[in-house]
Amino acid sequence: MNKLSNSHRLVGVFVVSAIALILQFGFGLALYAQITISVLGTLIALLMFIDMVKTLRSGKFGVDLLAITAVIATIAVGEYWAAMIVLLMLTGGDALEDYAANKANSELKSLIENSPSSAHLIQGTDIKDVKIDAVNIGDRLLVKPGEVIPVDGTVTDGRISIDEASLTGESRPVSKQVGDNVMSGAVNGDASFRMVADKTADDSQYQNIIRLVKQAEAQPAHFVRMADRYAVPFTLVAYIIAGIAWYLAGDPVRFAEVLVVASPCPLILAAPIALVSGMSRGSRNGIIVKSGTIIEKLARAKTFAFDKTGTITKGHLTVDHIFGTNGYSADQVLQLAAGAEQQSGHILARSLVAAIPDKIPTATDVTEVTAEGVSAKIAGKLVKVGKASFVTDQPVEKVDKTAVYVSVNNRYVGYVSFSDELRPEAKSVMESLHQMGVRQVMMISGDQRPIAQEIANQVGIDKVYAEKLPKEKIQVIEQVTPKNRPVCMVGDGVNDAPSLAMADVGIAMGAHGSTAASESADAVVLKDDLSLVSKAVAISKDTMKVARQSVLIGIAICTILMLIASFGVIPAIIGALFQEVVDTVTILWALRARIDRQDAHQSDPGRGRPANAEL
């Protein structure tokens, strides 16, 4: 309704302007033209006054008062054509804000337009078209050439090429083969393939992204409130200059001439346009930021905390050793572990299933305990897979690796260990964060300390907190001192969701991460690329820089024009035209936040990596 209202107001002003022009210059009825413009001006001033009251009730101070005064003052002193130009500026500015916001959000909105709505369900030898909400986990689906993949799943036959641009921003085709995961929202190439659904539509990647988009559009930008705070001194300065000019000249026209050039648009439009543009720029680079508040916090972040598995490491863990005991062979231990974990979204579960895809036993009564493990019934026996303390009360010799332990009816039967590798970009990400002013980088992991410490040393992390449960991760974040905030948490798993929600900014690695992590986070990285975390910080810093510049440039130009107008050298109608120039300059400057520029950040000698970082 707001966008519709702004458009209607602009159209109304144009119509009345045309009528006034015809009355004065067509029929020589200047008085009727003045009355027409005065009535319109009073009506719009009343609407603006109502908006201002709503703004004040929400606890914010806006600049509507200055705009209302400018309209009323020009009407009162008979400068009705100047009033008309001011009205055109105000209504045109609101309409331009709507256009700019739509333009900046175009990449986000295209996601919703491409949302899949149906799927081809394979039932025996038949293929039945069903609504996407009717697809269940385990259903076999057919995806035809050029179709959008309906749900997250695993390819069961065929070698295909898909387009994941709408999800990751990567335009090149991605090859997939049997056993590979595919995400909903990706577009199939020129060959049909079959897949099995791993998630329902509601839990799949595409619907999750759409939810994030809607949240991003619904949440207001905090910097708008900061911009409103600029309005207090700016409004006072404008009234003081206008009042002194009126007093010295002894002419109320001088008061109107000053206020006409006191454009509020740099404050009303520039900051939010810059922030929405920055959010759009992020989405174009594979980063969804939910609100302008998050952009501001990312730009000021002093501490970063990272999960290890799937975040700093690739998360593509592979089984490297299997140990069986108490009558169970290595193969049996692996089968039991994969069977119990096959429905879990944890990275270790995917590795277990990938290690033995054709010999996984059926599991029932599956229960997952966050950060502990999974229990299930297999062949009538209770199988537990996870931490040693979770699977059995018996003494277990733990291995100094990432591993899951297995028990049958609470009796320890062996373990499966995994190997992982660092993301090649991890070290450069930590260096980049330090160069951009981040004071400390931490790792908060549920893994064993020797493993976590080794990874931290390789990538240049300042502090390591190992063997932490979800509630303990939250405690670490809460202990970060105010001088080292805002604090950002980066993770990808279900066990990261609480700490992502607790941090000032939670960033989820969403390409292969859990839905819970993505929904708890304030920003989601859609590509499987850790460097986008530092990219998000760089974009946020640049966006805030552009936002402040656009506001301050507009204020500076307006202040200079007000001082000149106070001497009576700028007629009201000319001042009103200058308004349009100021508005155009500030809005165009704000739109610079959409542009991808070379991110070059030099290390600040006073803000680099500290020798002994403290919480």
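The protein chain is annotated in an unreviewed UniProt entry as Cd(2+)-exporting ATPase from Lentilactobacillus parafarraginis. Per UniProt, the protein chain has the following entry under Subcellular location (unreviewed entry): "Cell membrane". Of the comments in the UniProt record for the protein chain, the one headed Sequence similarities (unreviewed entry) reads "Belongs to the cation transport ATPase (P-type) (TC 3.A.3) family. Type IB subfamily."

> Which parts of the structure should I look at to understand the packing of helix α16 (residues 426-435) against helix α21 (residues 531-565)?
A pair of packed helices is characterised by two quantities: the angle between their axes and the separation of those axes. Close contact between α16 and α21 brings their axes to 8 Å; oriented N to C, the two are set at 20 degrees. One way to sum up the angle between α16 and α21 is to call them roughly parallel. Between α16 and α21 lies a crossing of left-handed hand. Across the interface between the two elements, Val429, Ser432 and Leu433 of α16 pack against Ser531, Ser534 and Val537 of α21. Across the contact of α16 with α21, the residue classes break down as three nonpolar, three polar and no charged.

> Looking at this structure, how should I read the environment of Gly324?
Examined against the element boundaries, Gly324 turns out to sit in strand β12 (residues 318-324). Measuring from C-alpha to C-alpha, the distance between Gly324 and Tyr412 comes to 9.2 Å, with 88 residues separating the pair along the chain. If sequence neighbours within four positions are ignored, Gly324 has contacts with Ser329, Ala330, Val333, Val413 and Gly414.

> Would you explain helix α17 (residues 449-459) in this entry?
Note that an α-helix has 3.6 residues per turn; residues three or four places apart therefore point the same way. If you check which residues of α17 are buried, you get Ile451, Ala452, Ile455, Ala456 and Val459. Down the axis of α17, the buried side of the element spans an arc of 130 degrees, and every buried residue falls inside it. On its buried face, α17 sits against α12 (308-312), β16 (402-408), α16, β18 (440-444) and β19 (463-465). Following α17 by one or two positions, Gly460 adopts a phi angle in the positive range, close to 90 degrees.

> In this structure, what is going on with the packing of aromatic side chains? I would like to understand it.
Two numbers describe a pair of aromatic rings. These are the distance of the centres and the angle of the planes. According to the stated counting rule, one finds six aromatic pairs in the structure shown. Ring centres 6.1 Å apart and planes at 25 degrees place the aromatic pair Phe304 and Phe306 in the stacked group. Phe304 sits in the buried class, given a relative accessible area of 0%. Look at Phe306 and you get buried, because its relative accessible area is 0%. On the numbers, 6.0 Å between centres and 55 degrees between planes, the contact of Tyr405 with Tyr415 is tilted. Taken together, the positions of Tyr405 in strand β16 and Tyr415 in strand β17 (residues 411-419) put the pair 10 residues apart, joining distant regions of the chain. On the basis of relative accessibility, which here comes to 5%, the residue Tyr405 falls in the buried class. Among the aromatic side chains, those forming a connected cluster through ring pairs are Phe323, Tyr405, Tyr412 and Tyr415. Seen from the ring of Phe390, Lys384 lies directly overhead, with NZ or CZ sitting 5.6 Å from the centre. In this structure, Arg592 is placed above the aromatic ring of Trp589, and the distance from its NZ or CZ to the ring centre is 4.5 Å.

> When you look at α16 in this model, what are you seeing that I'm missing?
All of the buried residues along α16 are Ala426, Val429, Met430, Ser432, Leu433 and His434. Looking at the buried side of α16, the elements it contacts are β11 (303-306), α12, β18, α17 and α21. Gly437 occupies a position one or two residues after α16 and carries a positive phi of about 105 degrees.

> How should I be thinking about the pattern of salt bridges in this particular structure?
Pairing between side chains becomes possible if they bear opposite charge and their charged atoms approach one another. Overall, the coordinates contain nine salt bridges when judged by the stated rule. For Arg485, the salt bridge identified is with Asp504, shortest N-O distance 3.0 Å. Remark: Asp504 occurs in the loop between α19 (497-502) and β21 (505-509) and Arg485 occurs in the loop between α18 (470-478) and β20 (487-491); sequence separation between them is 19 residues. Here the salt bridges do not stand alone but share partners, grouping Arg281, Arg284, Asp542 and Asp596 into one network.

> Can you help me understand the nonpolar core in this one?
Soluble globular proteins tend to bury their nonpolar side chains together. Membership of the largest hydrophobic core comes to 43 residues, with the highest contact counts inside it found for Leu298, Phe304, Phe306, Ile312, Ile507 and Val533. Examining the composition of this core, we find that seven residues originate from one element, α21, more than from any other. When residues no more than four places from it in sequence are discounted, the contact partners of Phe304 are Leu298, Leu433, Val438, Gln440, Val441, Met442, Cys488, Val490, Ile507, Val533 and Val537. Listed in part, the 30 residues of the second largest apolar core include Ile241, Ile273, Met562 and Ile587.

> Hey, could you run me through the UniProt feature "transmembrane region" (unreviewed entry) in the protein chain in this one?
Following the UniProt record, the feature "transmembrane region" (unreviewed entry) maps to residues 7-25, 31-50, 230-249, 255-276 and 551-578 here. The annotated region residues 31-50 carries 100% helix and 0% strand content, and the separation between its end C-alpha atoms amounts to 29 Å.

> Got a minute to help me understand the sheet that holds strand β10 (residues 287-289) in this structure?
Strand pairing in a sheet relies on backbone hydrogen bonds, with the paired strands running either antiparallel or parallel. If you trace the seven strands from one edge of the open sheet to the other, you get β10-β22-β21-β20-β11-β18-β19, paired in mixed fashion. Edge positions in the sheet fall to β10 and β19, since each has one partner strand and no second. Neighbouring strand axes in the sheet, compared pairwise and without regard to direction, differ in orientation by 20 degrees on average. Strand direction decides the pairing type here: β21 and strand β22 (residues 523-525), joined by three bridges, are parallel. From the neighbouring strand, Ala508 faces β22, where its bridge partner is Val524. Most of the contacts of α18 go to β18, to which it runs at about 165 degrees, and overall it touches β18, β19 and β20.

> How do you make sense of the packing of α21 against helix α22 (residues 572-590) when you look at a structure like this?
At a closest axis distance of 8 Å, the pairing of α21 and α22 adopts a crossing angle of 165 degrees. Accordingly, the angle class assigned to the pair α21 and α22 is roughly antiparallel. Our pair here, α21 against α22, has a crossing hand that is right-handed. Facing α21, whose interface residues are Val546, Gln549, Ser550, Ile553, Gly554, Ile557, Cys558 and Leu561, α22 presents Phe578, Val582, Val585, Thr586, Trp589 and Ala590. Of the residues that constitute the contact of α21 with α22, the class distribution is 10 nonpolar, four polar and no charged.

Conventions we followed
- Residues numbered from 1 in each chain as written.
- Predicted model: local features only at pLDDT ≥ 70, side-chain atom pairs only at ≥ 80, totals over all residues.
- Heavy atoms only, no water.
- UniProt positions renumbered as here; feature names shortened; annotations may be inferred.
- Axes fitted to C-alpha atoms, helices over the stretch in contact; angles between N-to-C directions.
- Helix = DSSP H or I, 4+ residues; strand = E, 2+ residues; numbered from the N terminus.
- Parallel < 35°, antiparallel > 145°, perpendicular 65-115°, else oblique.
- Left-handed = near helix turned anticlockwise from the far one by under 90°.
- Contact = heavy atoms within 4.5 Å.
- Nonpolar A, V, L, I, M, F, W, Y, C, P; charged D, E, K, R; others polar.
- Buried < 20%, exposed > 50% of the residue type's maximum accessible area, 1.4 Å probe, protein only.
- Arc of directions from axis to C-beta.
- Phe/Tyr/Trp six-rings, centres within 6.5 Å; stacked < 30°, edge-to-face > 60°.
- Lys NZ or Arg CZ within 6 Å of the ring centre and 35° of its normal.
- Salt bridge = Lys/Arg side-chain N within 4 Å of Asp/Glu carboxyl O.
- Core = buried A, V, L, I, M, F, W, Y, C linked by side-chain atoms within 4.5 Å.
- Pairing = 2+ DSSP bridges.

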